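Close look at the chain arrangement
Below are the chains, spelled out letter by letter.
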Amino acid sequence: MQDFSRGARFDPATADVSLVVAANDLQRDLLLPGFSRALEREVKSLALRVVPSDAPSADILRDNVCDLLITPFPPDGADILQRNLFRDEYVCYYDANCRAAPRSRENYLAARHVTVVYPDRTRLAFDTAMEKAGMSRDFAVSVASFSGVAAFLRGTDRLATLPRLLGPGFMRDFAAAPVPGRPRKSGERADISMSLVWRRRDAVDPAMTFVRNLMVRHATAAVRAARAATA
């Protein structure tokens with residue numbers, strides 16, 4: 001945060017904030033528009049830059065590419081800290097004008113699928129877990145981000161298995177159903193855990209602490225609203 005004056009005191013009302021957040025499209029669209037409005041109301045001025053995180057390494061923070069990182073793949077490092085923002089589960093999306101929801105594991109596995117593979121070839125954790133469980137699928141299309149899925153799902157009998165919280169956004173035109181016959185570990189309740197990640201050196205900085213706390217509060221409200229919209 002280039003324009004924050006670091007020190008023992010921080011007055012939001014007089015702060016000119018230049019903030020860089022790394023996030024992919026799920027967390028970007030779910031969290032950052034509302035967060036930016038909330039932060040803008042608190043500070044003198046705000047310049048927010050959002051950059052893609054893909055599957056990040058700790059160097060994205062160490063090299064000052066961003067001030068904060070929001071990711072389901074939090075990097076390890078003694079100089080890196082993190083906090084969970086929310087958890088979500090994967091559901092099966094489909095075009096209800098072209099097909100019904102899959103009603104069995106066999107029906108689900110027999111379909112053609114659309115999925116996400118990040119530019120560095122990192123796959124969705126759900127897809128990796130399914131493969132490890134011996135549940136192979138026929139992927140008709142893979143795209144680099146969640147925002148690209150809808151165009152390849154619409155008007156087809158394909159399936160896309162994605163986080164439920166995409167429902168009010170990118171996947172709002174599609175029906176959703178549980179993944180039939182999916183394997184789960186005992187006690188497992190979520191497929192994806194989204195974390196806020198920052199540098200240890202910023203842990204006690206009052207400006208960064210203010211921004212992180214605002215992010216956590218806003219994330220709680222945004223996720224609650226999105227879940228209500230998909231109920």
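Residues numbered from 1 in each chain as written. Predicted model: local features only at pLDDT ≥ 70, side-chain atom pairs only at ≥ 80, totals over all residues. Heavy atoms only, no water.

1. Side note on helix α4 (residues 125-132)
Formally: The classification of residues rests on relative accessible area computed with a 1.4 Å probe and restricted to protein chains. Under 20% of the type maximum is buried, over 50% is exposed, and intermediate values are partly exposed. In DSSP terms, a helix is any run of H or I states spanning at least four residues, a strand is any run of E spanning at least two, and both are numbered starting from the N terminus. Along the arc lie the directions from the helix axis toward the C-beta atoms. Contacts were defined at the residue level, with two residues in contact if any of their heavy atoms lie within 4.5 Å.
Among all positions in α4, only Phe 126, Asp 127 and Met 130 are buried. Down the axis of α4, the buried set is contained in an arc of 100 degrees. They therefore lie on one face. Exposed residues lying more than 90 degrees from the buried face of α4 are Glu 131 and Lys 132. If you follow the buried residues of α4, they end up packed against β5 (90-94), α3 (105-110), β6 (112-116), β7 (138-143) and β8 (159-163). Where α4 ends, the next residue or the one after it, Gly 134, has phi of about 80 degrees, a positive value.

2. A few points about the side chain of Asp 25
The condition that has to hold: Asp and Glu count as negative and Lys and Arg as positive, but His and the ends of the chain are not part of the count. Here, a salt bridge means any side-chain nitrogen of Lys or Arg that lies within 4 Å of a carboxyl oxygen of Asp or Glu. Pairs of N or O atoms within 3.5 Å make up the polar contacts considered here, provided that, within protein, one atom can donate a hydrogen while the other can accept it, and that residues adjacent in sequence are counted only when both atoms are side-chain atoms.
Position of Asp 25 relative to the elements: it lies in helix α1 (residues 25-42). The charged side chain of Asp 25 is buried without a salt bridge, its nearest counter-charge being Arg 28 at 5.0 Å. A polar contact is formed between the side chain of Asp 25 and the backbone nitrogen of Ser 147, at a distance of 2.7 Å. Beyond its immediate sequence surroundings of up to four residues, Asp 25 is in contact with Ser 145, Phe 146, Ser 147 and Phe 170.

3. Some words on the packing of aromatic side chains
The line we're drawing: In this scheme Phe, Tyr and Trp rings, the latter by its six-membered ring, pair at centre separations within 6.5 Å, and the angle between planes marks the pair as stacked below 30 degrees, edge-to-face above 60, and tilted otherwise.
Scanning all chains against the criterion turns up three aromatic pairs. Relative to Phe 126, the ring of Tyr 90 lies with its centre 5.0 Å away and its plane at 15 degrees, an arrangement referred to as stacked. Here Tyr 90, found in strand β5, pairs with Phe 126, found in helix α4; they are 36 residues apart in sequence, far enough to count as distant. For the pair Tyr 90 and Phe 126, a shared accessibility class is recorded, and that class is buried.

4. A few points about the sheet that holds β7
What counts, and what does not: Two strands pair under a simple rule: DSSP has to find at least two bridges between them. Axis definition: a line fitted to C-alpha atoms, over the contacting stretch in the case of helices. Angles run 0 to 180 degrees between N-to-C directions.
If you walk across this open sheet you meet the five strands as β7-β6-β8-β5-β9, and the pairing is mixed. Here the strands that pair on one side only, and so sit at the sheet edges, are β7 and β9 (175-177). For this sheet, the mean angle separating the axes of adjacent strands, direction not counted, is 35 degrees. Note: β6 against β8, two bridges, orientation parallel. The residue of β8 that forms the bridge with Val 114 is Ala 160.

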